[in-house]
Amino acid sequence: MKIILEIFKIHLQTIYFFIKIFTRQRNRVFFLSRQTNHPPLNYNLLINYISKYDKNIEIRVSCKRVSEGLNKVIHSSEKNLRKWIPSLLKEVGQCFDYYFTLYKQMYYMATSKVVITDGYNVLISCLKHKKITIIQMWHALAAIKKFGYQSIGLKDGMNPKMAKVLNMHANYDYVLSGSVAMKRPFSEAFNIAEDKVLPIGTPYIDYLLDVKVDKRKIFHDYPELKNGKPIILYSPTFRKNGRDAIKEVIDGVDTSKYNLVVTLHALDVLKAYNTNNGSVIVNPKINYPELLKMADYVITDYSALMIEAAILKTNILLYVYDYEQYEEENGLNVNLFEELPGYASREIQDLMKIIDENKYDRKVMLNFRKKFVTNLTKDSTEKIYNLIKGELKC
């Protein structure tokens, strides 16, 4: 696999070399992503802002999700490689589709002055570029768990050989962070100097600070939420090994007293758990920020979702039943027991006792919010726009 990737890199570098020769740069900003097939909210918010305030800046967008089979091959160790080859072969069509998308993306990169990405991208990290500014607008507001260079060699981290071959997270000029507290973790994860990590936030922070809840529509779609009972949202981190504590949470919440809403990663499979005291709403079709704001309590674990909940001033509780195991396999940048004292527990019963007794101290959550969200003045989008404007003039 290593040899194949090396040949593929040389192939891309050769094509890109000729594209650069026969093209010229424009006053253009190029947004690209391999996280999704559609522009993420952060992109749309920033694009709308740029279009509103400067008609002279060209915008180009290309979002193409990498096939799941290819992703598994890239992240797997050599001993597990054969395990994923069959799934990759089933997605040959998607792989070819992605390959030809790379041509369009290389053209836009060669003709742009600023490039924005929201995750690792092989074209950004493995090619030699003209004088362009590359901004990493990471899709999460914080790095609660370790990732990137921090997680190389860990059980659920990146394969070290693959990371080297793919020049993981290279060529960034700036990395955007949600807070000063995340400068060091982002610097380590992206292998970039701390002064290149800018704690100016992302457009998503501005969006969350202004989000409104359309209760009329929500109650129409989910009339069971109209009963006036406090809403508990449980949203756990996706775990590759499939271990979860969904049953413990569902069994631990008295649904005669509370509405329980469970949201899971698309790769998770929820079994049909039943309770004696009521029902559970699973993956409702409600705008996620509205759901976060509507909830009285959010229970999560190692997800940056806790940052989003803090921005919305929603009470945060952490169910970290596998804390030691998770720290060993994935690594953590934040000591959750210290940052949310009294509100992180290995037992769901401890968290439910806090809720039942209505003894949640909101000062703890607000202190957490102040530390991990530096820019709460609704001008993150403006600051990114000014950064882009400055780079376009260079």
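Placed above this text is the structure.
Residues numbered from 1 in each chain as written. Predicted model: local features only at pLDDT ≥ 70, side-chain atom pairs only at ≥ 80, totals over all residues. Heavy atoms only, no water.

(A) Structural view of the sheet that holds strand 1 (residues 28–33). Judged by pairing direction, the sheet is parallel, and its 6 strands sit side by side in the order 2-1-3-4-5-6 without closing on themselves. For this open sheet the edge positions go to strand 2 (58–63) and strand 6 (197–198), each flanked by a neighbour on one side alone. For strand 4 (residues 133–136) and strand 5 (residues 174–176), the ladder comprises 2 bridges, and the chain directions are parallel. By the bridge assignment, I135 is partnered in strand 5 with Y174. Strands in contact with helix 2 (residues 41–53) are strand 1, strand 2 and strand 3 (114–117); relative to strand 1, the strand with the most contacts, it is inclined by about 170°. (Pairing = 2+ DSSP bridges. Helix = DSSP H or I, 4+ residues; strand = E, 2+ residues; numbered from the N terminus. Contact = heavy atoms within 4.5 Å. Axes fitted to C-alpha atoms, helices over the stretch in contact; angles between N-to-C directions.)

(B) Focus on unusual backbone geometry. Backbone geometry places N167, a non-glycine residue, at a positive phi of 50°. Secondary-structure assignment places N167 in the loop between helix 7 (160–165) and strand 5. With relative accessibility at 29%, the residue N167 sits in the partly exposed group. Within the chain, N191 stands out as a residue other than glycine whose phi angle is a positive 55°. (Buried < 20%, exposed > 50% of the residue type's maximum accessible area, 1.4 Å probe, protein only.)

(C) Structural detail: the nonpolar core. F186, I307, I316, L317 and L336 are the most contacted members of the largest nonpolar core, which totals 109 residues. Those residues in contact with I307 that sit more than four places away from it in its chain are L141, A142, I144, F368, F372 and V373. Counting residues in each nonpolar core, the second largest holds 22 residues, with F31, L46, L176 and L387 among its members. (Core = buried A, V, L, I, M, F, W, Y, C linked by side-chain atoms within 4.5 Å.)

(D) Region of interest: the pairing of strand 11 (residues 315–319). When you tally the buried positions in strand 11, you get 5 out of 5 residues, the bulk of the element. Neither face of strand 11 is open: one carries N315, L317 and Y319, the other I316 and L318, and all of them are buried. As paired strands, strand 10 (residues 297–300) and strand 11 are joined by 4 bridges and run parallel to one another. Across the sheet, the residue bridging to V298 is I316, located in strand 11. For the segment spanning strand 10, helix 13 (residues 305–311) and strand 11, crossover handedness is right-handed. Bridge count for strand 11 against strand 12 (residues 344–345) is 2 bridges, and the pairing is parallel. Looking across to strand 12, one finds that Y319 is bridged to S345. (Right-handed = clockwise from strand over helix to strand, strands pointing away.)

(E) Representation of the packing of helix 9 (residues 203–210) against helix 18 (residues 380–392). With their axes 7 Å apart at the nearest point, helix 9 and helix 18 run at an angle of 155° to one another. The orientation of helix 9 relative to helix 18 falls into the category roughly antiparallel. The chirality of how helix 9 crosses helix 18 is left-handed. In this structure, helix 9 uses P203, I205 and D206 to contact helix 18, whose residues at the interface are S380, T381 and I384. (Parallel < 35°, antiparallel > 145°, perpendicular 65-115°, else oblique. Left-handed = near helix turned anticlockwise from the far one by under 90°.)

(F) Looking closely at the packing of helix 2 against helix 18. It is the contact of helix 2 with helix 18, at a shortest axis distance of 10 Å, that shows an interaxial angle of 65°. As for the relative orientation of helix 2 and helix 18, their crossing is right-handed in sense. The segment helix 2 lies against helix 18, with L45, L46, Y49, I50 and Y53 engaging T381, E382, I384, Y385 and I388. Here the residues of the contact of helix 2 with helix 18 sort into 8 nonpolar, 1 polar and 1 charged. (Nonpolar A, V, L, I, M, F, W, Y, C, P; charged D, E, K, R; others polar.)

(G) Examining the pattern of salt bridges more closely. Scanning the entire structure with this criterion turns up 16 salt bridges. For E329, the salt bridge is made with K155, and the minimal N-O distance between the two is 3.6 Å. Of this pair, E329 sits in helix 14 (residues 323–329) while K155 is found in the loop between strand 4 and helix 7, placing the two residues 174 residues apart along the sequence. Judged by its relative accessible area of 8%, E329 is buried. (Salt bridge = Lys/Arg side-chain N within 4 Å of Asp/Glu carboxyl O.)

(H) Spotlight on the pairing of strand 2. One ladder, built from 6 bridges, connects strand 1 with strand 2; its direction is parallel. Looking at the pairing, R28 lines up with E58 of strand 2. With helix 2 bridging strand 1 and its parallel neighbour strand 2, the resulting β-α-β unit is right-handed.

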